[in-house]
Amino acid sequence: MMLYNLKIIDRKAVMAIVVSRQKFNGDTMSKQNRTAIEPTREQNYAEWYQQVIKNADLAENSDVRGCMVIKPWGYAIWENIQRTLDVMFRETGHRNAYFPLFIPKSYFEKEAEHVEGFAKECAVVTHSRLEDNGEGGLKVAGELTEPLIVRPTSETIIGASFAKWVNSYRDLPLLINQWANIVRWEMRTRLFLRTAEFLWQEGHTVHESSEDAMEETRKMLDVYAKFAAEYLAIPVIQGEKTEGEKFPGAVNTYCIEAMMQDRKALQAGTSHFLGQNFAKASNIKFQGRNGEFEYAWTTSWGVSTRLIGALIMAHSDDNGLALPPKIAPSHIALIPIFRNEEERVSVLEYCKKIRQEFAGAMFEDIRIYTELDDRDLTGSERNWYWIKKGIPIRIEIGPRDVAANAVMISRRDKEPREKESVHLDNIKAYVLSSLRGIQDSYYQRALDFRQEHTVKIDDNKKFYKFFSPKNEAQPEIHGGFAHSHWCGDTACEEKIKDDLKVTIRCIPFDAEPEEGSCICCGKASDKRVIFAKSY
């Protein structure tokens, strides 16, 4: 960089020129130790999250308040989630169906606890059409005889169909899944985490006995935990929700909880044992083996596009999105580097040869997809573009690589400038090995992070200190998972929630019986639960 003829009057001015020149060259991040995403996680985690989404071009806010537009790269992640889970559901005996978006208000009124839990979130349709208002505008008309609720969940409307489908024990179990959109009116929204409309799947099943239904409930939670660990590379804790946190109308709610990089918990999936509550509300009866009619036992379970938010917050860094290979839309970005037309022709031909090498190739059960990026941008700009989109492997090819019959390979889980030269004969084996290495490293990092920020706390003052930021005006990242005793009293649970915005995330399945004192009131307790701040 030529600064020899510059008379130094103001050192800050000189540095400004240097930074400006480096920005122009596309090398700012590496030369000044700056990051591609600003602010960083430590500086402002909430804004960092929004900037990761923006820079990866995953989604954006819609003109419809509270709703989002999921862009192609983001939607491709959801398609991979959907595709993988669909196989897992089918392997456990489930089949897909589709049910109405609109639910009559009277259906909700059949299950009192259920309607109370969702009443404040419901969008309601009261009219059937628009008419000319005579002033160049429109007015609503055609008031409905009964208001329709825009689906916040489907237990009641699906129950109405199940009541027709189930007549005998021979019809059971009935195992159904639905992929759909959901509307829950939200005042404070955040992309992927909390929006008025989101995408999800909801499983609904009917069983002959309580034991069969409970087995289904736990089985599907295991499916979610397996998917989270093996595909999303997110370690989760399985457990039961408290009475105050369970699904409205359920007898038991089970969940998988994950820790995000701001040490908050995110509920990544739920499975509900509904007992006979919804069967009675929807009149789902069957003739048993003894010839008598009885109410069925039902379950429901679901995950949503919230999982994309979990992916972002579990793995991404200050340079952008980081995607586990088993869920990434594409796996390899080919970045040709050339200076003239002659080099362009030879390098692009070489790139196409590499792309053909991976045509139809598989990484375990996942098809490998490549992106050939020959846009009219500098190599550095294209490199950082794919870093921020989280693609697992970047392959740079220049004239020297063509001459050496080799490539330069970078991994998203390594430092951006870290590269390795690989001979063309070894590229396929190297990439496959790297994809497995990236998948494993993301999982291990997330597991290590959770373990580092999980503590046992038995003292009330230490508990409150653990969950209290040092800077109240602009809270820093703090807290984590606290394994503490709880007496089982909802009043203690509510006091901690009111004081600290901390909730009991779950009662872990693997919690060992242990005598202790409630972290809130000091009364006797026989086990620890997980407390955390959450999304």
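A. Seen up close, helix α3 (residues 45-56). Between the first and last C-alpha of α3 there are 16 Å, a value that for 12 residues agrees with the 16 Å anticipated at 1.5 Å per step. Of the positions making up α3, those classed as buried are Tyr 45, Trp 48, Tyr 49, Gln 51, Val 52, Ile 53 and Ala 56. Taken together, the buried residues of α3 touch β1 (59-61), α4 (72-91), α10 (306-315) and α12 (379-389).

B. Geometry of the sheet that holds strand β9 (residues 237-240). Overall, mixed pairing links the 11 strands, which are arranged β3-β7-β8-β14-β11-β10-β9-β24-β27-β23-β22 in an open sheet. Only two strands of the sheet have a single neighbouring strand rather than two, namely β3 (95-96) and β22 (454-456). By the bridge criterion, 8 bridges tie strand β10 (residues 252-259) to strand β11 (residues 265-273) in an arrangement that is antiparallel. Residue pairing in the sheet places Tyr 254 in a bridge with Ser 271 of β11. The strands touched by helix α8 (residues 210-230) are β7 (174-183), β8 (197-207), β9, β10, β11 and β14 (297-304); relative to β11, the strand with the most contacts, the crossing angle is about 155°. Running at roughly 145° to β11, α10 makes contact with β11 and β14 of the sheet.

C. The nonpolar core, seen in detail. One finds Leu 58, Ile 81, Phe 192, Phe 227, Met 260 and Ile 312 to be the most contacted residues of the largest nonpolar core, which totals 58 residues. Not counting residues within four places of it along the chain, the set of residues in contact with Ile 81 comprises Phe 227, Leu 232, Leu 307, Ile 308 and Ile 327.

D. Local environment of the sheet that holds strand β4 (residues 102-104). Ordered by their spatial adjacency, 3 strands build an open sheet running β4-β6-β5, and the pairing between neighbours is antiparallel. The outermost strands of the open sheet, each flanked by one partner alone, are β4 and β5 (123-132). For this sheet, the mean angle separating the axes of adjacent strands, direction not counted, is 45°. Where β4 lies against strand β6 (residues 138-150), 3 bridges are found, and the strand directions are antiparallel. Pairing of Phe 102 across the sheet is with Val 150, part of β6.

E. Region of the structure containing the state of the cysteines. A complete count under the given rule lists 0 disulfides for this structure. The cysteine Cys 122 is free of any disulfide, with Cys 67 supplying the nearest cysteine sulfur at 15 Å. According to the relative accessible area criterion, Cys 122 is buried, its value standing at 19%. Cysteine Cys 520 remains unbridged, with the sulfur of Cys 492 as its closest cysteine sulfur at 3.9 Å.

F. Region of the structure containing the side chain of Ser 282. Following the sequence through the fold, Ser 282 ends up in helix α9 (residues 277-282). Classification of Ser 282 by relative accessible area gives buried; the value is 14%. With sequence-adjacent residues up to four places away left out, Ser 282 is seen in contact with Thr 156, Gly 159, Ala 160 and Ala 163.

G. Here's a closer look at α10. Counting buried positions along α10 yields 10 of 10 residues, so the element is predominantly enclosed. Listed in full, the buried residues belonging to α10 are Arg 306, Leu 307, Ile 308, Gly 309, Ala 310, Leu 311, Ile 312, Met 313, Ala 314 and His 315.

H. Spatial organisation of the pattern of salt bridges. Following the criterion strictly, the structure yields 26 salt bridges and no others. Across the pair Glu 364 and Lys 326 runs a salt bridge, and its minimum N-O distance is 3.2 Å. Of this pair, Glu 364 sits in the loop between β16 (362-363) and β17 (366-367) while Lys 326 sits in the loop between α10 and β15 (332-336), and the two are 38 residues apart along the sequence. The class for Glu 364 is partly exposed, based on a relative accessible area of 44%. One continuous salt-bridge network, built from bridges that share partners, spans Lys 326, Glu 364, Asp 365, Arg 436 and Asp 440.

I. Up close: the packing of α3 against α10. Across the interface, α3 lies against α10 with an axial gap of 11 Å and an inter-helix angle of 110°. Considering their axes alone, α3 and α10 lie roughly perpendicular with respect to each other. Relative to α10, α3 is oriented so that their crossing is right-handed. Judged by residue contacts, Tyr 45, Trp 48, Tyr 49, Val 52 and Ile 53 of α3 engage Gly 309, Ile 312 and Met 313 from α10. The residue makeup of the contact of α3 with α10, split by class, is 7 nonpolar, 1 polar and no charged.

J. Looking closely at the packing of aromatic side chains. Considering all chains together, one arrives at 19 aromatic pairs under this definition. Measuring from centroid to centroid gives 5.8 Å for Phe 118 and Phe 247, while their planes differ by 65°, and the two rings are edge-to-face. Placement of the pair is Phe 118 in helix α6 (residues 112-118) and Phe 247 in the loop between β9 and β10, with a sequence separation of 129 residues. Assigned by exposure class, Phe 118 and Phe 247 land together as buried. A cation over a ring is seen here: Lys 110 above Tyr 107, with NZ or CZ 4.7 Å from the ring centre. Positioned above the aromatic ring of Tyr 535, the side-chain terminus of Lys 264 is 5.2 Å from the ring centre.

K. Focus on the environment of Phe 363. The residue Phe 363 is located in strand β16 in this model. Residue classification places Phe 363 among the buried residues on the basis of a relative accessible area of 3%. With 32 residues separating them along the chain, Phe 363 and His 331 place their C-alpha atoms 9.6 Å apart. Leave out the neighbours within four places in its chain, and Phe 363 touches Pro 325, Lys 326, Ile 368, Leu 432, Leu 435 and Arg 436.

Quick notes on the rules
- Every chain begins its residue count from 1, and numbering advances along the sequence as written.
- Local features in a predicted model are, by the rule used here, given only for residues with pLDDT of at least 70; side-chain atom pairs are given and counted only at 80 or more, and totals for whole chains, interfaces and linings are based on all residues.
- Derived side-chain values reflect all non-hydrogen atoms in the structure, with water molecules and hydrogen atoms excluded from consideration.
- Each helix is a run of DSSP H or I of at least 4 residues and each strand a run of E of at least 2, with the numbering of both proceeding from the N terminus.
- Multiplying 1.5 Å by the residue count of a helix minus one yields the expected span of that helix.
- Remark: exposure states derive from per-residue accessible area (1.4 Å probe, protein chains only) relative to the maximum for the residue type, with buried under 20%, exposed over 50%, and partly exposed in between.
- Residues are treated as being in contact if the distance between any of their heavy atoms lies within 4.5 Å.
- Strands are treated as partners if at least two bridges between them are detected by DSSP.
- Helix axes are fitted only over the stretch in contact, all axes being lines through C-alpha atoms; the angle between N-to-C directions runs from 0 to 180 degrees.
- Nonpolar cores are built from buried Ala, Val, Leu, Ile, Met, Phe, Trp, Tyr and Cys residues. Side-chain atoms within 4.5 Å join them into one set.
- Sulfur atoms of two cysteines make up a disulfide when they are within 2.5 Å.
- Salt bridges, as used here, are contacts in which a Lys or Arg side-chain nitrogen is within 4 Å of a carboxyl oxygen on Asp or Glu.
- An angle below 35 degrees is treated as roughly parallel, one above 145 as roughly antiparallel, one from 65 to 115 as roughly perpendicular, and anything else as oblique.
- Left-handed describes a crossing in which the near helix is turned anticlockwise from the far one by less than a right angle; the clockwise case is right-handed.
- Residue polarity is assigned by list, with Asp, Glu, Lys and Arg as charged and Ala, Val, Leu, Ile, Met, Phe, Trp, Tyr, Cys and Pro as nonpolar; anything else, Gly included, falls into the polar class.
- Any two of the Phe, Tyr and Trp rings considered here, Trp counted by its six-membered ring, make a pair once their centres fall within 6.5 Å; the pair's planes then place it as stacked at under 30 degrees, edge-to-face at over 60, or tilted in between.
- Whether a charge sits over a ring depends on NZ of Lys or CZ of Arg being within 6 Å of the ring centre and within 35 degrees of the ring normal.

So, to be careful, I would describe these as geometric facts and stop short of saying anything about function.
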